[in-house]
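# Observations on chain architecture
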Amino acid sequence: RGRVRRAPVVCQLLALALGFVPYLSGRDNAVLSGLLLGLRRRDIIARLPAIREFSELGDFFEQPIATYSAGMGTRLAFAVAIQVEPDVLLIDEVLAVGDAEFQEKSGAAMRARTGEGSTIVLVSHDEEQIAGRCDRVLWIEHGKSVLEGSRDQVFAAYRRDQHIPVIAA
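Residues numbered from 1 in each chain as written. Predicted model: local features only at pLDDT ≥ 70, side-chain atom pairs only at ≥ 80, totals over all residues. Heavy atoms only, no water.

### Quick notes on helix 2 (residues 41-55)
Spelled out, the test is: Runs of E in the DSSP output that reach at least two residues are strands. Runs of H or I that reach at least four are helices, and both are numbered from the N terminus. The span you would expect from a helix comes to 1.5 Å times its residue count less one. Note on bend: at a given residue it equals the angle between the axes fitted to the 7 residues ending there and to the 7 starting there. For each residue, the accessible area found with a 1.4 Å probe, counting protein chains only, is set against the maximum for its type, and the residue is called buried under 20%, exposed over 50%, and partly exposed in between. Contact criterion: two residues are considered in contact whenever any of their non-hydrogen atoms come within 4.5 Å of each other.
The end-to-end C-alpha distance of helix 2, which contains 15 residues, comes to 20 Å, matching closely the 21 Å that a straight helix rising 1.5 Å per residue would cover. By the largest-angle criterion, Leu-48 marks the main kink of helix 2, which is about 40°, and a proline, Pro-49, follows within four residues. For helix 2, the set of buried residues is Ile-44, Leu-48, Ile-51, Phe-54 and Ser-55. Of the surrounding elements, those touching the buried residues of helix 2 are helix 1 (26-36), helix 3 (70-84) and helix 4 (100-115). Glu-56 sits one or two residues past helix 2 and shows a positive phi near 55°.

Laid out in structure tokens, this is it:
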């Protein structure tokens, strides 16, 4: 729980199948998502080729998403979120789904977005994923903020608190 105060921005929450209509195709869900996020229809239509390409769904892009695996739904959701170019992208552990190649591709897209001034908030229990994608970390325990700071600072404190041995490689 918390608050973020900022001037009006486009904010996208990326969670598995959030807001997707199962009987609509990937294409139709991409259009609907774009419209719900405030894009004009012609703008989201213009971005459909990039969404299809990034998602790597091929012909499944035209199929109902009820036929998709969780990984396919993630690919579509992430491709839409990146093309909408939100100021703030909230990602709730969604990138753990999918193959390593797509995880790397989505990581590169997130790094590009942050380099362009976007903010990405990643919720995860995966320390490796956090270490590879985040420069600031907030440790939350039982709904309470424990520590916020650099990833090294927060990871060290977490390991001490949890009595996790540090293994030097």
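### Observations regarding the nonpolar core
Convention followed: In this text, buried Ala, Val, Leu, Ile, Met, Phe, Trp, Tyr and Cys residues form a nonpolar core when linked through side-chain atoms within 4.5 Å.
One finds Ile-51, Leu-76 and Phe-78 to be the most contacted residues of the largest nonpolar core, which totals 34 residues. Elements that contribute at least two residues to this core include exactly helix 1, helix 2, helix 3, strand 2 (88-92), helix 4, strand 4 (136-141) and helix 6 (151-162). The element best represented in this core is helix 3, accounting for nine residues.

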